[in-house]
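# Structural overview for review
What follows is each chain in one-letter form.
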Amino acid sequence: MQNSDVITDVFHCRPDFEGALSDELHHAGQGSLFIETICPGLVAVRHPPGCALKKPCIFERQRIERAARIPLSELKPIADETFQRVMGAIANEAKTWSIQAFAVEDEDGALSRRLKGIVNTLLRLMKKQHSRRCVVYREAKTNVGHILQLCLTPTGLWYGTMAPADMTDLAVGGHCRVKADRWAPSRSHMKIEEAFMRMGEHPEVGQRVIDLGAAPGGWTYAFLKRGCHVTAIDSGPLRLPETQEGWGRVRHLRSDGITFTPEAEQIPVDWMVSDMLIPPGVALGLLRKWITRGWAMRVVCNVKIPQQDPFTAVEPIIDYLAQQSSWHFAVRQFYHDRREVTITGTTDRENYEGFSI
Ligand SMILES: C[S@@+](CC[C@H](N)C(=O)[O-])C[C@H]1O[C@@H](n2cnc3c(N)ncnc32)[C@H](O)[C@@H]1O
């Protein structure tokens, strides 16, 4: 293969998970890809044309396919030739486009500030050179023909243009931020809100929910405020805000979530959610039980992942879920997950908008 034939895709992940993402990419490409960590939070894959990985990876937040890099030294100032390289692909596009710019995480936010300056300069030059037909969107727009993604790292700016439908996530950099709710008993509620967003499904009034590992109550609160009936399982106390109405719809049981069996008249519940931070093997047993017995229509299960070989640890879960033909499952490390991944699944195929494996 000629060097000029090689295509580079870059994948953005949570810092510290480059190894897990690389293992996953190796697995998906059956070892035929050249994979290297560029910096914390960014992995590059070099491959021959036509070998792009279609499905989003568990540990991938965002990708830029057919990416190129400009060293930082060439960005101050931005020369005409650099501008043409970055903006060339979209500058001559008749269709609408937008820019999504993100930086890999750094300690003091200096990269993000620098990125702002770079984007402003590019947009100024763009307006100057294409003033008649350039529409500049400063926020993420997804109803556009192309999205130019920019990813700033400590050594350079990666860029590439993709159609919105090919992107891993429509949130900029895959940073699917959820607004904190000041009444929520814990920050954990952001994980369940992210799950609703990613599943494209929100709980409805009157739905029945089993929340395993519920205390102090962030997930329970997210369901209650939407009018659901929740059975919350945890030996610890719930700390639901006193000011909210509707708490009559929660039943708190101090039982073990792993061995818990729902009552016959509850089955199938609309949602079984688990945030017990259980290891992958225990999560697999729990899911197997709930799925084979038909106890739930939807599941959201947060799984704690080990320091060593996180991808290998979750592989058995993926293999099992892939065999469940009447379910649509996704396994992803959410933006709000730390050393965890979240499994979402639904039997409601028609309305399902998430990724399936
Ligand atoms: C991360 S916290 C859950 C946070 C909760 N989702 C929220 O939003 O506030 C984990 C909880 O799981 C509970 N837990 C762990 N193992 C459990 C088990 N086997 N059965 C029931 N609860 C369990 C712990 O007591 C702890 O309260």
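Residues numbered from 1 in each chain as written. Predicted model: local features only at pLDDT ≥ 70, side-chain atom pairs only at ≥ 80, totals over all residues.

## Let's talk about the overall build of the protein chain
A tally of helices and strands in the protein chain yields seven helices and 15 strands. The buried share among the 357 residues of the protein chain stands at 40%. For the protein chain, the proportion of contacts with a sequence separation of at least 24, taken over those separated by at least 6, is 66%. (Helix = DSSP H or I, 4+ residues; strand = E, 2+ residues; numbered from the N terminus. Buried ≥ 20, exposed ≤ 12 C-beta atoms within 10 Å, placed from the backbone. Contact = placed C-beta atoms within 7 Å.)

## Thoughts on helix α7 (residues 310–322)
Over its 13 residues, α7 extends 18 Å from the first C-alpha to the last, a length consistent with the 18 Å expected when each residue adds 1.5 Å. A maximum bend of about 30° is found in α7 at Pro316. Buried within α7 are the following residues: Pro310, Phe311, Val314, Ile317 and Leu321. Lining the buried residues of α7 we find α1 (18–28), α6 (280–292), β13 (298–304), β14 (328–332) and β15 (340–346). (Expected span 1.5 Å × (residues − 1). Bend = angle between axes of the 7 residues up to and from the residue.)

## Remarks on the environment of Met162
Position of Met162 among the secondary structure elements: in strand β8 (residues 156–162). Taking C-alpha positions, Met162 is 8.7 Å from Arg66, a pair spaced 96 residues apart along the chain. Beyond its immediate sequence surroundings of up to four residues, Met162 is in contact with Glu65, Ile147, Gln149 and Met167.

## With respect to the sheet that holds strand β7 (residues 146–152)
Here we have four strands laid out as an open sheet, ordered β5-β8-β7-β6, and mixed in their pairing. The sheet terminates laterally at β5 (68–71) and β6 (97–103), the two strands that pair on one side only. Going across the sheet, the axis of each strand differs from the next one's by a mean of 20°, ignoring polarity. The pairing of β5 with β8 spans four bridges and is classified as antiparallel. Residue pairing for β8: Pro71 is matched across the bridge by Gly156. Taken strand by strand, helix α3 (residues 110–129) contacts β6, β7 and β8, and its axis lies near 155° from that of β6. (Pairing = 2+ DSSP bridges. Axes fitted to C-alpha atoms, helices over the stretch in contact; angles between N-to-C directions.)

## Describing the nonpolar core
In this structure, Val10, Leu21, Val43, Cys151 and Leu287 are the most contacted members of the largest nonpolar core, which totals 84 residues. Considering each element in turn, this core owes the most residues, six residues, to α6. A domain split of this core shows at least three residues from each of domain 1 (3–174) and domain 2 (189–346). Not counting chain neighbours up to four residues away, the residues in contact with Leu21 comprise Phe11, Cys13, Val43, Cys57, Phe59 and Glu60. (Core = buried A, V, L, I, M, F, W, Y, C linked by C-beta atoms within 7 Å. Domains from an automatic or database assignment.)

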